[in-house]
Amino acid sequence: MTSLSPSLNSTAPATLIWQWQGFPITYQTQGQQGSAVVLIHGFGASLGHWRKNLPILAATNRVYALDLIGFGGSAKPKPGAEIDYTFDTWGQQIADFCREVVGEPVVLVGNSIGCIAAMQAAIVAPDLTQGVVMINCSLRLLHDRRRATQPWYKQLGAPLLQQILKFPAIGRAFFNQIARPETVRKILLKAYIQAEAVTEELVDLLMEPARDPGAADVFLAFTGYSQGPLPEDLLEVLPCPAVLLWGADDPWEPIALGREWAAFPQVQAFIPIEGVGHCPQDEAPELVNPLLQEWIGKLSQAVT
């Protein structure tokens, strides 16, 4: 492991590099005592999306924020030729991180697709997972098995767009249009209900990895990924307890659909968070951090 910042004894998070399957993976860690917690970002995000949570949680826990391969400061190897960008891959990465870096069972905390990756990791390595906290879990509404439930224009439009984006020139042009500060800001203003949370810092945080070689290929690989597990597939066999937090005004992942998962026996609580959208941990950390602290403690105690 290679350090990119001050020592682990610093009050600021330490940024480190872990080698996984020959690829450099970036992560941060902070905290000297308490339960081990691993934070997992969503699509297009990075470990910096937890910058308002990691220091608070580190007061009572040993916290790690991980960049999934293909995102943030982690390597972005060529899709297909070097790696497959699937939940199997990310789940295995998280499980290996818990085993090789953390070295003990953890509570996994995810946002959006990070929730699905966290559940996949729990299934891969049940001995390393005490519980999962999911924040606005991706419903995967464009999954092949979901399409029949979608309006006709989505049933036809999404597959057509996926096919068009497979043409390299078109796909890269599409990515270049999206990977602009003004476009990223517009997308964030749809995902966030509180406009003041969409800061220049946040836009820059999301823009920086998009400039890396390979970022466009990763983006296009995931936009064409309509297979793999649905969240309910994983909840059905999840080997540990789970808690669901949900920004009630999420425009992308409707809370009404998320509430249905409360019926799964492993789900200990479904907690709506009013007045926020898809990324409550960043939009309203003052509401989310106390909930995370509470449930991390409960999930850790449940297995001790």
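Residue numbers here run from 1 along each chain, matching the order of that chain's written sequence. Local features in this predicted model are restricted to residues whose pLDDT is 70 or higher, and side-chain atom pairs enter the listing and the counts only when it is 80 or higher, whereas totals over whole chains, interfaces and linings include all residues. Hydrogens are left out, water is left out, and the side-chain values use all remaining heavy atoms of the structure.

What about the overall build of the protein?
- Elements are defined by DSSP. Helices are runs of H or I of four residues or more, strands are runs of E of two residues or more, and each kind is numbered from the N terminus. Within the protein one finds twelve helices and nine strands.
- The proportion of buried residues among the 304 residues of the protein is 55%.
- Restricting to contacts in the protein with at least 6 residues of sequence separation, those with at least 24 account for 72%.
- Computed with the Shrake-Rupley method and a 1.4 Å probe, the accessible areas treat only the protein chains shown as cover for residues. Looking at the protein as shown, the accessible area adds up to about 12900 Å², and 57% of this sits on carbon and sulfur atoms. Only protein chains enter the accessibility calculation, which uses a 1.4 Å probe; a residue whose area is less than 20% of its type maximum is buried, one above 50% is exposed, and one in between is partly exposed. For this analysis, residues touch if any pair of their heavy atoms sits within 4.5 Å.

What about empty space enclosed by the protein?
- We place a 1 Å grid over just the protein atoms. Points where a 1.4 Å probe fits but has no way out form a cavity, open points with protein on both sides within 12 Å along at least 5 of 7 lines form a pocket, and any residue with an atom within 4 Å of a point lines it. Grid points are joined across faces, edges and corners, and a volume is the space filled by probe spheres set on the points. Applying the stated criterion across every chain, the model contains one cavity of 30 Å³ or more.
- Lining the largest cavity are Ala-95, Cys-98, Val-106, Leu-108, Ala-121, Ala-122, Ala-125, Leu-128 and Thr-129.
- Listing elements by their share of the lining of the largest cavity, those giving two or more residues are helix H2 (87-102), strand E6 (106-111) and helix H3 (113-124).

Quick word on the environment of Ile-116
- Structurally, the position occupied by Ile-116 is in helix H3.
- Separated by 28 residues in sequence, Ile-116 and Asp-88 have C-alpha atoms that sit 9.9 Å apart.
- Setting aside anything within four residues of it in sequence, one finds Ile-116 in contact with Phe-87, Cys-137, Ser-138, Arg-140, Pro-229, Pro-231 and Leu-234.

Notes on unusual backbone geometry
- Positive phi, normally seen in glycine, also occurs at Gln-21, with a value near 50 degrees.
- Considering the arrangement of structural elements, one finds Gln-21 in the loop between strand E2 (14-20) and strand E3 (23-30).
- Positive phi outside glycine occurs at Asn-136, with the angle close to 50 degrees.
- When you line up the elements, Asn-136 lands in the loop between strand E7 (129-135) and helix H4 (152-165).

Overview of the packing of aromatic side chains
- When two rings of Phe, Tyr or Trp (its six-membered ring) have centres within 6.5 Å they constitute a pair, described as stacked for plane angles under 30 degrees, edge-to-face for angles over 60, and tilted for the intermediate range. Under the definition given, this model contains 17 aromatic pairs.
- Residues Tyr-27 and Tyr-64 carry aromatic rings whose centres are separated by 6.4 Å and whose planes lie at 40 degrees to one another, so their mutual orientation is tilted. Of this pair, Tyr-27 sits in strand E3 while Tyr-64 sits in strand E5 (residues 61-66), placing them 37 residues apart in sequence. Both residues of the pair, Tyr-27 and Tyr-64, count as buried.
- Measuring from ring centre to ring centre gives 5.0 Å for Tyr-27 and Phe-97, while their planes differ by 75 degrees; the resulting arrangement is edge-to-face. Note that Tyr-27 is positioned in strand E3 and Phe-97 in helix H2, a separation of 70 residues in sequence. Phe-97 matches Tyr-27 in its accessibility class, with the two residues each being buried.
- Grouping aromatic residues by their ring pairs yields a cluster made of Phe-43, Phe-71, Tyr-85, Phe-87, Trp-90, Phe-174, Phe-175, Phe-219 and Phe-222.
- Working rule: Lys NZ or Arg CZ, within 6 Å of ring centre, within 35 degrees of ring normal, means a charge sits over the ring. Above the ring of Trp-295, the side-chain terminus of Lys-298 is found at 4.5 Å from the ring centroid.

Some remarks on the nonpolar core
- Each nonpolar core is a collection of buried residues, namely Ala, Val, Leu, Ile, Met, Phe, Trp, Tyr and Cys, held together in the definition by side-chain atoms within 4.5 Å. Counting 56 residues, the largest nonpolar core has Val-38, Trp-90, Ile-94, Phe-97, Leu-108 and Met-134 as the members making the most contacts within it.
- Setting aside its immediate chain neighbours within four residues, Phe-97 contacts Trp-18, Tyr-27, Val-38, Tyr-64, Leu-66 and Val-102.
- Judged by nonpolar contacts, the second largest core, of 26 residues, contains Leu-47, Leu-245, Ile-273 and Leu-299.

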